[in-house]
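# Architecture and fold: a report
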Amino acid sequence: MSGAYYEKIARINLSTGEIKVEKLDLELAHKFIGGRGLGTKILYDEGVATVDPLSPENKLIYITGPMTGANAPSTGRYMVVTKSPLTGMIACSNSGGIWGAKLKYAGWDAIIVEGEAPKWTYINIEDDKIELLDAQEYLGMMSEAMDTALKEKHGAEASVLNIGPAGEKKVLMAAIMNDKDRAAGRSGVGAVMGSKKLKAIVVKASRRNLDNIADVDALKAATKRAMDVLMANPVTSSGLRQLGTAILVNIINNVGSLPTRNWQESYFEKAEDISGEALAEKYLVKAGACYRCPIACGRIINVNGHITGGPEYEPLWAYGANCGNNDLNVIDECNMLCNEYGLDAISVPCTIAAAMELYQRGAIKEEDCAGVPLEWGSTKALVEWTKRIGNPETELDWLMSSGSARLCEHYGMPEISMSVKKQEMPAYDARGIQGIGITYATSNRGGCHVRGYMISPEVLGLPQQLDRTATDDKAVWAKTFQDLTAVIDSMGHCLFTSFAMGAQEYTDLLNAATGTNHSVEEVLEIGDRIYNIERMFNKAAGMKPEDDRLPKRLLEEPIANGPSKGMVSQLPLTLPQYYEARGWVNAFPTDETLKKLGLDECVGK
Amino acid sequence: MIEVRLFATLRQGREKSIMLDSKEFPTAKDVLDHLDILPGEVSILLVNGFHKTPEAQLEDGDVVALFPPVGGG
């Protein structure tokens, strides 16, 4: 029974132009679910861990999960899995919209792109038909304009994924955009696409639903239970729709954990100006939703007369407090620029924040800045440097576009970079919220909040309230959140469903759609397996135990101001507890752990 | 005095921030009653940045922050 998988993968070699159709290994799919899990397993088995991420030898996998496109809540997700040029480790960037569902409806579980095209190319998919077309005329185009142009050419029913100028130039923080304002944002996946001279993928599909569900009645019943849970929960039924993720600005500031001026402070006096409440009052046009999503957390806003996707909490913080800026309109504009150039709207502003601290400390001089000094809160600097990072020309442009870790290393101040594994950390100070620091330090893709969102129990009280300052129980919580997240990602659901849904709901949906008969424990073990195969990819890629770390600032500099003043991260205490919970020694799984998880192929590696 | 900060939908029909006399409001519950907010409407209750229940005792100079059910990431 192929339930919810079309058992078809397209392998496209851009160097030769060859397009092969391969059969999905169903047993492997069940063992890794799909999406993030299966994509990583394929890359690991094909030896991608040791290649240069921007060489033709790297592979770029666009992959759906079994639930992608299913008639179940929040199933518009697909993932881009590759070796990251930013971190040199595994990348899996997840995006919503409708593109992923259309890829699935066209009958493809995944597209594997290899090689490098001799000239700029885009892929056009219409159900079974896949063709490579000339993309020369779209070079230099902004992402939204290219989306419009390709829809004009291929029809309004087409869904478009593309890279903007940043990806073309292989900027290490380049994102892949789809459906205009949705982004597979992190870890520089857009640079890998650019390195292959692949500008876009257009998808059209005849299907309007999955027609291969294993047990349609069981899926209907599981979906009804999931919807009941989502609608009974005030966060997923109305909270996110009303104020989006932006509501967090005021919450996190009020717990004294809103990193400010590159984490030199953790309470921003002007947070109200850049808050979700201010966004709703001044710029919100309406809530927006990805495909089949009842939560509708998206913000459709008016930016200087242009109706477009608005900033999430992360860019509000990163372009706001973290750069000492309280001009909300400029944040909206910079967020739009990130979407247009195809940039990671977390890493880019965090790199600008690091550069502002380098400027504050005299490492970057005014004369280096080509007329736009990197002063705290300078709105001109935020706009101009975002453009420069998106289309770099000068030496400093290129340095900035390589991310904060390389930038700060260049100036001999590596600890100014607030990053883990060379990827910038997101908007929660791990000194004030202890559990999130464990997930930052041990995230396989580097600094990240969606690899185990400990903010949910530590701040939001979901599913229960934990003391954010406590350390004794956080390691096991962190591991459990990481494992469940790996399952949700791999299935093709949006992670936000987990504000209300638990492991039982996901297990029921998965079993109904795919015809498996997993227990909740088995599903969580799959999540554990996925986390471990990612870790083994990183080990093969050269990761060292010391890469599971937090910047020294979080361990040695107590929070300077606000309600969490005086706190530091207790990672030296919690990290060994975490490794014990995982069955790891010195950051890597023991052979016993690998065997227990059915990863025998990794034993001894 | 106690500073009470209201957020998101709790601002509807109320001020963003109000000052109350600590002598008249010994607990957070007293503040909620005064503002006509049911405990079930509040999902995050912070006193000086730390999560508390409505029974929490208040002192002069405290900052109380009240949020309805919200999520994000």
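Glancing now at the packing of helix α19 (residues 474–491) of chain A against helix α21 (residues 520–540) of chain A. Residue and element names in this part refer to chain A. Interaxial distance between α19 and α21 falls to 8 Å at its minimum, and their mutual angle equals 95°. Judged on the interaxial angle alone, α21 and α19 are roughly perpendicular. Residue-level contacts link K479, Q482, D483, L484, A486, V487 and S490 of α19 to V523, L524, G527, D528, I530 and Y531 of α21. Residues of the contact of α19 with α21, tallied by class, amount to seven nonpolar, three polar and three charged.

Glancing now at helix α23 (residues 571–582) of chain A. Residue and element names in this part refer to chain A. Helix length check: α23, at 12 residues, gives a terminal C-alpha distance of 16 Å against a target of 16 Å (1.5 Å per residue), a fit within 8%. Tucked into the core, α23 has its buried residues touching α17 (434–442), α19, α21, α22 (552–556), β18 (584–585) and α24 (591–596). Positive phi appears at G583, one or two residues downstream of α23, with a value of about 75°.

Taken as a whole and judged by the stated rule, the model has 15 aromatic pairs over all chains. Through a chain of ring-to-ring contacts, the aromatic side chains of Y313, Y428, Y453, F496 and F499 of chain A assemble into a single cluster. Sitting over the face of the ring of W108 of chain A, K8 of chain A holds its NZ or CZ atom 4.2 Å from the ring centroid. The side chain of R468 of chain A reaches across the aromatic face of F50 of chain B, ending 4.2 Å from its centre.

Residue and element names in this part refer to chain A. Inspection of every chain in the model, using the stated rule, returns 44 salt bridges over all chains. E357 is the salt-bridge partner of R361, the closest N and O atoms lying 2.8 Å from each other. Assessed through its relative accessible area of 0%, E357 is described here as buried. One continuous salt-bridge network, built from bridges that share partners, spans R11, E22, E46, K59 and E114.

Moving on, we get to empty space enclosed by the protein. Residues and elements named next belong to chain A. Taken as a whole, this structure holds one cavity of 30 Å³ or more when the rule is applied. Considering the residues around the largest cavity, the lining is formed by Y5, L24, G34, G35, L38, I63, T64, G65, P66, D109 and A110. Mapped by element, the contributors of at least two residues to the lining of the largest cavity are α2 (35–45) and β3 (60–64). A class-by-class count of the residues in the lining of the largest cavity yields six nonpolar, four polar and one charged.

Attention now moves to the interface of chain A and chain B. With 31 residues of chain A in contact, the opposing surface of chain B contributes 19 residues. The junction of chain A with chain B conceals about 2,000 Å² of combined surface from both sides, 62% of it contributed by carbon and sulfur atoms. For the interface between chain A and chain B, the tally reads two salt bridges. One salt bridge connects K16 of chain B with E272 of chain A, and the closest N-O pair in it is separated by 3.9 Å. Of all the elements in the fold, those that place two or more residues in the side of chain A that touches chain B are α8 (234–243), α9 (248–254), α11 (313–319) and α18 (455–460) of chain A. When grouped by side-chain class, the residues that make up the side of chain A that touches chain B number 17 nonpolar, nine polar and five charged.

All names here are of chain A. Entries for chain A in the domain assignment read domain 1 (8–204), domain 2 (245–408) and domain 3 (424–602). For domain 1 and domain 3, the distance between their C-alpha centroids amounts to 26 Å. On the domain 3 side, the residues contacting the 37 residues of domain 1 number 39 residues. Taken together, domain 1 and domain 3 are joined by three salt bridges. A salt bridge links R36 to D489; its shortest N-O distance comes to 2.9 Å. At the boundary of domain 1 with domain 3, the tally comes to 15 residue pairs in polar contact (both at pLDDT 80 or more).

Below, the discussion takes up the environment of H154 of chain A. All names here are of chain A. Looking at the secondary structure, you find H154 in helix α4 (residues 143–154). Expressed as a C-alpha distance, the spacing of H154 and D473, which sit 319 residues apart in the sequence, is 54 Å. Filtering out sequence-adjacent residues up to four positions away, H154 remains in contact with Y122, N124, E126, L133, V202 and K204.

In this section: the sheet that holds strand β9 (residues 159–162) of chain A. Residues and elements named next belong to chain A. The six strands lie next to each other as β8-β7-β12-β9-β10-β11, forming an open sheet whose pairing is mixed. Only two strands of the sheet have a single partner each, and these edge strands are β8 (129–134) and β11 (182–184). Shown here is a sheet whose adjacent strand axes are inclined to one another by a mean of 20°, direction ignored. Where β9 meets strand β12 (residues 198–204), four bridges bridge the pair, whose relative direction is antiparallel. Counted as the bridge partner of N162 is A200 from β12.

Y62 and I352 of chain A are the most contacted members of the largest nonpolar core, which has 218 residues in total. Those residues in contact with I352 of chain A, other than ones at most four positions away along the chain, are Y319, C323, L374, L382, W385, T386, I389 and M400 of chain A. By size, the runner-up hydrophobic cluster in this structure holds 18 residues, among which are L10, L20, I37 and V47 of chain B.

The subject of this paragraph is the sheet that holds strand β4 (residues 78–83) of chain A. Strands in a sheet are paired, the pairing made by backbone hydrogen bonds, and the direction either parallel or antiparallel. All names here are of chain A. What the six strands build is an open sheet, ordered β2-β1-β6-β3-β4-β5; its pairing is mixed. The sheet is open, and its two edges are formed by β2 (18–23) and β5 (90–95), each paired on a single side. Taken pair by pair, the neighbouring strands of this sheet meet at an average axis angle of 15°, ignoring direction. Bridge count between strand β1 (residues 8–13) and strand β6 (residues 110–114): five bridges; the pairing is parallel. Bridged to I12 within β6 is V113.

The rules we used
Residues numbered from 1 in each chain as written. Chains lettered and ligands numbered in written order. Predicted model: local features only at pLDDT ≥ 70, side-chain atom pairs only at ≥ 80, totals over all residues. Heavy atoms only, no water. Axes fitted to C-alpha atoms, helices over the stretch in contact; angles between N-to-C directions. Helix = DSSP H or I, 4+ residues; strand = E, 2+ residues; numbered from the N terminus. Parallel < 35°, antiparallel > 145°, perpendicular 65-115°, else oblique. Contact = heavy atoms within 4.5 Å. Nonpolar A, V, L, I, M, F, W, Y, C, P; charged D, E, K, R; others polar. Expected span 1.5 Å × (residues − 1). Phe/Tyr/Trp six-rings, centres within 6.5 Å; stacked < 30°, edge-to-face > 60°. Lys NZ or Arg CZ within 6 Å of the ring centre and 35° of its normal. Salt bridge = Lys/Arg side-chain N within 4 Å of Asp/Glu carboxyl O. Buried < 20%, exposed > 50% of the residue type's maximum accessible area, 1.4 Å probe, protein only. 1 Å grid on protein atoms, 1.4 Å probe; cavity = no way out; pocket = protein on both sides within 12 Å on 5 of 7 lines; lining within 4 Å. Points joined across faces, edges and corners; volume = space filled by probe spheres on them. Buried area = accessible area lost by both parts, 1.4 Å probe. Domains from an automatic or database assignment. Polar contact = N/O pair within 3.5 Å; in protein donor to acceptor, adjacent residues only side chain to side chain. Pairing = 2+ DSSP bridges. Core = buried A, V, L, I, M, F, W, Y, C linked by side-chain atoms within 4.5 Å.

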